[in-house]
Amino acid sequence: MDKQQSIIRMFDEISPTYDKLNRVLSFGVDRRWRRRGCESALKIFGGKSAILIDAATGTGDLIAFWRKAAAKLGVTIDLAYGVDPSQNMLSVAATKPLNATLIKSEATAIPLPDGEADLLSISYGIRNVVEIDKALAEFYRLLKPNGVLLILEFMRVERKSLSGRFVSFYLKRVLPAIGRLISKDPRAYTYLPESIDDFLSAEELCEKLKSAGFEIAQVWDETFKISTRFIARKRQ
Ligand SMILES: C[S@@+](CC[C@H](N)C(=O)[O-])C[C@H]1O[C@@H](n2cnc3c(N)ncnc32)[C@H](O)[C@@H]1O
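What you are looking at is a predicted structure, and each value in this text was computed from that prediction instead of being measured.

1. Re the pairing of strand E2 (residues 76-84)
1) Next: Sheet analysis places strand E1 (residues 49-55) next to E2, joined by 7 bridges and oriented parallel. Bridged to Leu52 within E2 is Ala80.
2) Next: Read as a crossover between parallel neighbours, the route from E1 over helix H4 (residues 61-73) to E2 is right-handed.
3) Next: In this structure, E2 lies alongside strand E3 (residues 101-104), joined through 4 bridges in parallel fashion. Bridge pairing links Asp84 to Lys104 in E3.

2. Some thoughts on the pairing of strand E5 (residues 143-153)
1) Next: The element E5 is largely enclosed, with a buried count of 8 among its 11 residues.
2) Next: Two strands pair when backbone bridges link them, and strand E4 (residues 117-123) and E5 are joined in this way by 6 bridges, in the parallel orientation. Paired with Ile122 across the strands is Ile151, a residue of E5.
3) Next: Crossover E4 to E5 through helix H6 (residues 132-142) is right-handed.
4) Next: Where E5 lies against strand E7 (residues 227-234), 6 bridges are found, and the strand directions are antiparallel. Paired with Val148 across the strands is Arg233, a residue of E7.

3. As for the site of the ligand
1) Next: Close contacts around the ligand come from 19 residues, with Tyr18, Arg34, Ala56, Asp84 and Ser123 the closest.
2) Next: Within the side chain of Gln4, an N or O atom sits 3.0 Å from a nitrogen atom of the ligand.
3) Next: Between an oxygen atom of the ligand and a side-chain N or O atom of Tyr18, the distance comes to 2.8 Å.
4) Next: Coverage of the ligand by the protein amounts to 98% of the 600 Å² it exposes when considered alone.
5) Next: Counting residues per element, the ones that place at least two in the shell around the ligand are helix H1 (3-14) and helix H2 (18-25).
6) Next: Residue contributions to the shell around the ligand peak at 3 residues, all from H1.
7) Next: Its residues assigned to classes, the shell around the ligand shows 9 nonpolar, 7 polar and 3 charged.

Thresholds applied
- Residues numbered from 1 in each chain as written.
- Predicted model: local features only at pLDDT ≥ 70, side-chain atom pairs only at ≥ 80, totals over all residues.
- Heavy atoms only, no water.
- Pairing = 2+ DSSP bridges.
- Helix = DSSP H or I, 4+ residues; strand = E, 2+ residues; numbered from the N terminus.
- Right-handed = clockwise from strand over helix to strand, strands pointing away.
- Buried < 20%, exposed > 50% of the residue type's maximum accessible area, 1.4 Å probe, protein only.
- Near = heavy atom within 4 Å.
- Polar contact = N/O pair within 3.5 Å; in protein donor to acceptor, adjacent residues only side chain to side chain.
- Areas by Shrake-Rupley, 256 points an atom, 1.4 Å probe, with all protein chains shown as cover.
- Nonpolar A, V, L, I, M, F, W, Y, C, P; charged D, E, K, R; others polar.

Here's what the structure looks like:
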């Protein structure tokens, strides 16, 4: 099985405990990262109604945050699509009141027309996409001119400071141990720190976004640089 398929298979395996583990492992802080991400993107978008595509939606968590942020800021989400290649993650999403159309697909070939979306998001998903450039080109195709892309991700960071070394210890030692206890698939939470170390730095992802045609509107580090938010716009 190729690398991409084995990543997707791993998410199929961990889907039953994914939501619970997310909250436990981040001490609930990921909620703040998600809320702030959606609110910042909506402010940058500036429109009053939107069509949303959430790629690598998994259990659909981010869609719920989009809906809350939109209600708070007076934006209507007319239509929401949640797209993910893992059937089991989508099956969990289907049990939630997301009011979204769920589509089984990788981020590199989403079966929706050009210019379908005003907002496109991918939270903690782009690191799992083997062909990143292809996914960024796909996001560009799917957005309307001036449409906004939100990426939340754990980027590769030089963790030399005291707080950085603490974060590294947590990600490499504590998190896999808790993950092994709760999740059915022990690989999953060893994969997380390894995939972060193998991933791009924030600067490298910005370069890729620019090469795909996006204008960077915001790059923001959260909580000791554990998570980074990227907001980019498709040029008109
Ligand atoms: C860490 S989860 C993130 C889920 C959700 N976005 C969230 O914030 O909780 C990563 C997701 O990426 C999906 N994924 C893996 N490979 C992918 C690909 N090539 N294209 C799109 N999604 C992919 C997995 O199935 C999984 O649901």
